[in-house]
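# What the coordinates show
Residue strings, one per chain:
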Amino acid sequence: MEIKAIRGMNDILPDEMPRWRLLEETTREVFARYGFSEVRPPVLERTELFFRGIGDETDVVEKQMYTFTDKSGTSVTLRPEATACVLRAVIEHGLLNKDPIQKLYTLGPMFRYERPQKGRYRQFHQINAERLGEESPLADAETLAMAYDLAGTLLGRDSLSMEVNSLGCKECRPGFKDALRSFLVSRQERLCEDCRRRMNTNPLRVLDCKVISCKDAVQGAPVLETFLCAGCSTYHEAVLASLEALGVSYSKNPLLVRGLDYYTRTTFEITASGLGSQNAVSGGGRYDDLLSILGGPNVGGIGFAFGMERLILLMEERQHPVKGCFVVAQAFPEVETKALSLISELRSAHIRAEAAFGKSFKAQMRRADKAKYPLCIILGEDEIQRNTLTVKDMATAEQYTVERAVAVHELKALLAGKE
RNA sequence: GUGAGUGUAGCUCAGAUGGUAGAGCACAGGAUUGUGGCUCCUGUGGCCGAGGGUUCGAUCCCCUUCACUCACCCCA
């Protein structure tokens, strides 16, 4: 029986790597411009971290976690998201004592046990940014701007849209929840089965339901915006004004709800066309209570995540640029030995060099062509006799004779002209 | 967890009322015994997803199972 990869876990094959590298490089570049530094927490954490951090009534925690007990009997979980992990690291190492403002990002795999679908896998990768220690709507706006900046440079602004909302804080949200719940109870016979359950556990989610009868029933429901306390309301206005100042185009979506419990005030989502139903490319928001819930200082933060596979799906294919030479050698032991030392000399000079021994001359040429090498070096008995090399330009088919002694120097010059 | 669709060569896909399979691309070799791409020729490659049932005989029909895809749910 052939062993195959586990469901929902994919190999990233060589052809796809250029896109992944571009994605990672762009992320590092953009985030560095905003003063963010990289961290790398482990992928395995104590299960309790996510219970406390994400909220035990969320779908993620209730049914999507890869949880098991390790050999010491502790319950551990493959992280379903990164924020709780990064904050755990910040708290554990007292980073906020060294600097009360922390701007961090991390890249890596996350795990959720869900039915795989386009843009949704059981092992998937996220880009995650967290910004801690600034109580200011400007910090919120700048964080959203950074997410928008990254998405824009990767995908172009045209296919993107950003939606913003405020979820209020622990002062004003309960009032809204209660009002919403009693509104929903009054109309519960029109709600779908799921929503009748959600009505009690997480009434906000009902607003987001896609079932038409629910959308209908929700008409005229209390609006979160009107319940926001004065603090939240002015804060939200300031965030929106700052977004405009930053040139970020967004739309308000009072129904935008996040799946994780820890969000307060600002939340947002970036969606892209072309992904089918999993069209959220990024999402995030402010979490003023999460640090303290996790046992840290009473400091707020804001962050977001990008789904890397979703970005990759939208990025154009790229090719490995190949700059170097392919060495074609006639199949005689003496020639092959010389070829070997030439290759090694080239590599020492930081020139990419490759050969395919044990192949016919023609086959070697074909490989040189297929691998898209701009130059091909031909080494045969004649060249060895005369202490020269034949260099062939694969694009123009021109050939030059080069003295063996100055070969590396010459090749460097020739390659410098190829981009 | 629910629903629908699909599993045949490395990839994309044909196939017959049930008689153990083909194409294109890719790969390898040759036409050109030291010259790639284009062309032509040849070749390698398949337990027809797995298990069971019906049948003289199943890749095809039936059941089961697994996987993939899309959608729901939920999310990045």
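Not measured: the values here are computed from a predicted model.

Turning next to the overall build of chain A. Check the secondary structure of chain A and you find 17 helices and 16 strands. Relative to a compact globule of 419 residues, whose C-alpha radius of gyration would be 22 Å, chain A shows 28 Å and is clearly more extended. Across its three principal directions, the C-alpha atoms of chain A cover 95 × 55 × 45 Å. Counting only residues that meet the buried cut, chain A has 35% of its 419 residues in that class. Partitioning the intrachain contacts of chain A with sequence separation of at least 6 by distance along the chain shows that 69% fall at a separation of at least 24.

What follows deals with the sheet that holds strand S13 (residues 352–355). The strand order across the open sheet built from five strands is S13-S12-S14-S15-S16, with neighbouring strands paired in mixed fashion. Lying at the two open borders of the sheet, with one neighbouring strand each, are S13 and strand S16 (399–403). Going from strand to strand, the sheet's axes swing by 30° on average, the running direction of each strand aside. Lying on the sheet, helix H15 (residues 361–370) is in contact with strand S12 (324–329) and strand S14 (375–379); it crosses S12 at an angle near 175°.

For the rest of this paragraph, the subject is the sheet that holds strand S4 (residues 75–78). One open sheet accounts for three strands, arranged S2-S4-S3; its pairing is antiparallel. A single partner strand is all that each edge strand has here, and the edge strands are strand S2 (44–46) and strand S3 (66–69). Recorded for the sheet is a direction-independent mean angle of 35° between the axes of neighbouring strands. Judged from the four bridges that link them, S3 and S4 form a sheet pairing that is antiparallel. Bridging across to S4, Tyr66 finds its partner in Leu78.

To continue, consider the pairing of strand S7 (residues 160–166). Two strands pair when backbone bridges link them, and S7 and strand S9 (residues 264–272) are joined in this way by seven bridges, in the antiparallel orientation. Across the sheet, the residue bridging to Asn165 is Thr267, located in S9. For S7 and strand S8 (residues 251–252), the ladder comprises two bridges, and the chain directions are parallel. Paired with Glu163 across the strands is Ser251, a residue of S8.

Moving on to helix H2 (residues 47–54). For H2, the full list of buried residues reads Phe50, Gly53 and Ile54. All buried residues of H2 project into a common sector of 75° when viewed along the axis, lining one side. Looking at the buried positions of H2, the neighbouring elements they touch are helix H3 (59–63), S4, helix H4 (83–92) and helix H12 (290–293). Among the residues trailing H2, Gly55 stands out with phi positive, at a value near 110°.

Next up on the list: the domain arrangement of chain A. Each assigned domain of chain A is listed here: domain 1 (14–172 + 228–314) and domain 2 (324–416). Here the C-alpha centre of domain 2 lies 50 Å away from the C-alpha centre of domain 1.

Counting through the fold element by element, Ser37 comes out in strand S1 (residues 37–38). With 11 C-beta atoms packed within 10 Å, Ser37 lands in the exposed category. Aside from chain neighbours lying at most four places away, what touches Ser37 is Lys103 and Leu104.

How two helices sit against one another is set out by the angle between their axes and by the gap between those axes. Interaxial distance between helix H1 (residues 17–33) and helix H6 (residues 137–155) falls to 10 Å at its minimum, and their mutual angle equals 140°. By the angle between their directions, the pair H1 and H6 is classed as oblique. Both H1 and H6 take part in a crossing whose hand is right-handed. Residues Leu23, Thr26, Thr27, Val30 and Phe31 of H1 pack against Met146, Asp149, Leu150, Thr153 and Leu154 of H6. Each residue belonging to the contact of H1 with H6 can be placed in one class, and the counts come to six nonpolar, three polar and one charged.

On to the pairing of S9. Counting buried residues in S9 gives eight out of nine residues, a clear majority hidden from the surface. As defined by bridge partners, S9 adjoins strand S10 (residues 280–287) across six bridges and the pair is classed as antiparallel. Pairing of Thr264 across the sheet is with Arg286, part of S10.

Further remarks concern the nonpolar core. Ranked by internal contacts, the top residues of the largest apolar core, which has 70 residues, are Leu144, Ala145, Ala147, Tyr148, Ala151, Leu191 and Val206. For this core, the leading source of residues is H6, giving nine residues. Those residues in contact with Leu144 that lie beyond four places of it in its chain are Leu243, Val248 and Phe268. Leu346, Tyr373, Cys376 and Leu411 belong to the second largest nonpolar core, which has 21 residues in total.

Here the focus is the confidence of the model for chain A. Summing up the model confidence of chain A, the mean pLDDT is 90 and the portion of residues at 70 or higher is 99%. Of all helices and strands in chain A, the one with the weakest mean pLDDT is helix H8 (residues 193–201) (74), whereas S1 scores best (98). Here the complex is predicted with pTM 0.91, and the ipTM for its interfaces comes to 0.87.

Calculation notes
- Residues numbered from 1 in each chain as written.
- Chains lettered and ligands numbered in written order.
- Predicted model: local features only at pLDDT ≥ 70, side-chain atom pairs only at ≥ 80, totals over all residues.
- Helix = DSSP H or I, 4+ residues; strand = E, 2+ residues; numbered from the N terminus.
- Rg over C-alpha atoms; globule rule 2.2 N^0.38 Å.
- Buried ≥ 20, exposed ≤ 12 C-beta atoms within 10 Å, placed from the backbone.
- Contact = placed C-beta atoms within 7 Å.
- Pairing = 2+ DSSP bridges.
- Axes fitted to C-alpha atoms, helices over the stretch in contact; angles between N-to-C directions.
- Arc of directions from axis to C-beta.
- Domains from an automatic or database assignment.
- Parallel < 35°, antiparallel > 145°, perpendicular 65-115°, else oblique.
- Left-handed = near helix turned anticlockwise from the far one by under 90°.
- Nonpolar A, V, L, I, M, F, W, Y, C, P; charged D, E, K, R; others polar.
- Core = buried A, V, L, I, M, F, W, Y, C linked by C-beta atoms within 7 Å.
- pLDDT = per-residue confidence, 0-100.

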